[in-house]
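Overview (structure and organization)
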Amino acid sequence: MFFQPKLAAPFLLTLGLLTAGAAQAQAPLTTATVGDSLTLEATVRTVLDANPSINALQEEVNQAQARLAETRTYLRPVVNGTGTYTRIDPVVKLPFNGEVLQFAPNNNYDLHVAAQYTVLDLGRTKANIDLSQSRITSATDQINVTRRDLAFAAAQSYYSILFAREAIRVQDAQIASLQQHQREMEKRVEGGVSTNFDVTTTKVRIAQAQNSKIDLQNQLRNQEVQLARLLHRSENEVTPVRGRFEYNPQAVDVQAALAKGAESRPEVKLAKDAEQTAIAQQRVVETNNRPSLNVLGQAGAKNGYILPNIERMRFNTVLGAQLNVPIYDGNRNKVQRVGAESAVKGAQARIQDTQELVRADVLQAVNNMQSSAARYDNSEVQITQAADALTRAKSRYRYGVGNNLDVLDAETQLAQARLARLQAIYNYTLGQYQLRRATGEQIW
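Please read these numbers as outputs of a predicted model, since none were measured by experiment.

What about the nonpolar core?
Counting residues in hydrophobic clusters, the biggest one holds 35 residues, and the most contacted among them are Leu-40, Tyr-159, Phe-245 and Leu-422. When residues of this core are traced back to their parent elements, those giving at least two are α2 (40–50), α4 (124–190), α5 (196–231) and α9 (404–438). Considering each element in turn, this core owes the most residues, 15 residues, to α4. Phe-245 has contacts with Tyr-159, Leu-162, Phe-163, Glu-166, Leu-422, Ile-425, Tyr-426 and Thr-429, leaving out every residue within four places of it along the chain. Formed by 12 residues, the second largest nonpolar core is a distinct cluster that contains Val-362, Met-369, Leu-435 and Ala-438.

Pasting the structure below:
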């Protein structure tokens, strides 16, 4: 197949952009993976299992869960056991009735268990627990977003490989046809009915087609490297990806897709998580300046109590309560409240922006599908017309009423029409991916 420069460049640029990861989409599994040794589903699952970023995010969830467990411990009493020994020299001694009274022992022992419990903190601990739970939710939802992005990157690379292979087959068909035409030209030259100019012109077209094939082969190798990276395999290892493209148009309910995207899109969920986290942080700030009431108790044994046997260990208890009332903190809490309120407003603005982004993504996906469907229908007409034009050009040339350039141009037009149909199918497949991604639908 021969690419004219004006048509080859946009095609290769389109393939490069589609495989760079900017536009990610999804297509039905059952219609695109018949006979695969590594199906789309298997490719996606292997990528998800092999990618270390998922494990890193899971560890962040584990850390958030640990912080939640730590925060909940503030609802429980704190119990400490303490043992002390103190040597005092000198101590007070007085003579009394021929004896020496010692008012404190030289060796002092104190063994006790102390417990402290916060009876009232006016919602401070609960606010911190809510904040920790919100962070766990955000970390979990971030895993879902990352898994989704990796899945679509894997699917896109998968279909880009299939597309490049199909495009190379189209290119091979064009080269084979041109080479067959060259052999006919050479026979006509030998017979004296054509000139070497026709053979040279045909060779130029073959060389141009071969250059386009080289570019496609490079695109294919780059996509295989990209897929190997996603699979965490050696770039020298050939990934056995096999499949085919099938044009399977589907009806799209735009309003239903918009509603589904607003409800199911993980970015919307993340934005709402950020709002809840900001609100929880605001509540923590509000409760930081509230009074708290603690009760404490202590029981143990120590010496040095009663004369004259001050060395004897005796059981003792201590009970108490502590009320903490913040009076002045240099306006620290007031400043913190202003910042927390601003964070809430910012999170709410991001929700609105994300919802608008979802709406735009859905509409763009629908537009891309409609455009690709129209291009497919047009390419079918072009193939029929180009095939007829080629037949007529060959007949005219065979009977000496046409020229070689007419045949070459007709060959090029037919190859370009076939490639246009292939690219329309590819773009429509990506449009299906794009729509499912825009509405928050998963493939794993």
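That shown, we press on.
Topic: the pattern of salt bridges
Using the criterion set out here, one finds 19 salt bridges in the structure. Two residues, Glu-267 and Arg-265, come together in a salt bridge whose shortest N-O distance is 2.8 Å. For Lys-394, the salt bridge identified is with Glu-411, shortest N-O distance 3.7 Å. Residue Lys-394 is found in helix α8 (residues 332–398), and its partner Glu-411 is found in helix α9; the two are separated by 17 residues along the sequence. We classify Lys-394 as partly exposed; its relative accessible area is 31%. Taking relative accessible area as the criterion, Glu-411 reaches 5% and is therefore assigned buried.

Focus: the packing of helix α7 (residues 266–287) against α8
Packed helix pairs are specified by the crossing angle of their axes together with the interaxial distance, meaning the distance between the axes. Across the interface, α7 lies against α8 with an axial gap of 9 Å and an inter-helix angle of 170°. The angle between α7 and α8 places the two elements in the roughly antiparallel class. Classifying every residue of the contact of α7 with α8 gives 12 nonpolar, five polar and seven charged.

Brief notes about the UniProt feature "coiled-coil region" (unreviewed entry) in the protein
UniProt feature "coiled-coil region" (unreviewed entry): in the numbering of this structure it lies at residues 206–233. When the span residues 206–233 is considered, its composition is 93% helix and 0% strand, and the gap between its end C-alpha atoms is 36 Å.

Details of a nonpolar patch on the surface
A cluster of nonpolar side chains, contributed by Tyr-117, Val-119, Leu-120, Leu-122 and Val-295, occupies part of the molecular surface with about 390 Å² of accessible area. The leading source of residues in the nonpolar patch is strand β4 (residues 107–120), at three residues. Structurally, Leu-120 is set in strand β4. Looking at Leu-120, the relative accessible area reads 43%, which means it is partly exposed.

Digging into the packing of aromatic side chains
In the structure shown here, the tally under the stated rule is seven aromatic pairs. Consider the rings of Phe-152 and Tyr-433, whose centres lie 6.5 Å apart with planes at 75°: the pair is edge-to-face. With Phe-152 in helix α4 and Tyr-433 in helix α9, this pair connects stretches of sequence that are 281 residues apart. Under the relative-accessibility criterion, Phe-152 is labelled buried at 0%. A residue is classified by how much of its surface remains accessible, and Tyr-433, at 0% relative accessible area, is buried. What links up through ring pairs into an aromatic cluster is the set Phe-152, Tyr-158, Tyr-159 and Tyr-433.

Some details on unusual backbone geometry
Glycine aside, negative phi is the norm for most residues, and most peptide bonds take the trans geometry. The step from Asp-89 to Pro-90 runs through a cis peptide bond, and the omega angle for that step is -10°. In this structure, Pro-90 sits in the loop between β1 (78–87) and β2 (93–96). Located in the positive-phi region is Leu-122, a residue other than glycine, with phi close to 55°. With respect to the helices, strands and loops of the structure, Leu-122 is situated in the loop between β4 and α4. Although it is not a glycine, Asn-331 adopts a positive phi angle of roughly 65°.

Procedures and definitions
Residues numbered from 1 in each chain as written. Predicted model: local features only at pLDDT ≥ 70, side-chain atom pairs only at ≥ 80, totals over all residues. Heavy atoms only, no water. Core = buried A, V, L, I, M, F, W, Y, C linked by side-chain atoms within 4.5 Å. Buried < 20%, exposed > 50% of the residue type's maximum accessible area, 1.4 Å probe, protein only. Helix = DSSP H or I, 4+ residues; strand = E, 2+ residues; numbered from the N terminus. Contact = heavy atoms within 4.5 Å. Salt bridge = Lys/Arg side-chain N within 4 Å of Asp/Glu carboxyl O. Axes fitted to C-alpha atoms, helices over the stretch in contact; angles between N-to-C directions. Parallel < 35°, antiparallel > 145°, perpendicular 65-115°, else oblique. Nonpolar A, V, L, I, M, F, W, Y, C, P; charged D, E, K, R; others polar. UniProt positions renumbered as here; feature names shortened; annotations may be inferred. Patch = residues over 30% accessible without salt bridge, like charges linked within 9 Å, V, L, I, M, F, W, Y side chains within 5 Å. Areas by Shrake-Rupley, 256 points an atom, 1.4 Å probe, with all protein chains shown as cover. Phe/Tyr/Trp six-rings, centres within 6.5 Å; stacked < 30°, edge-to-face > 60°.

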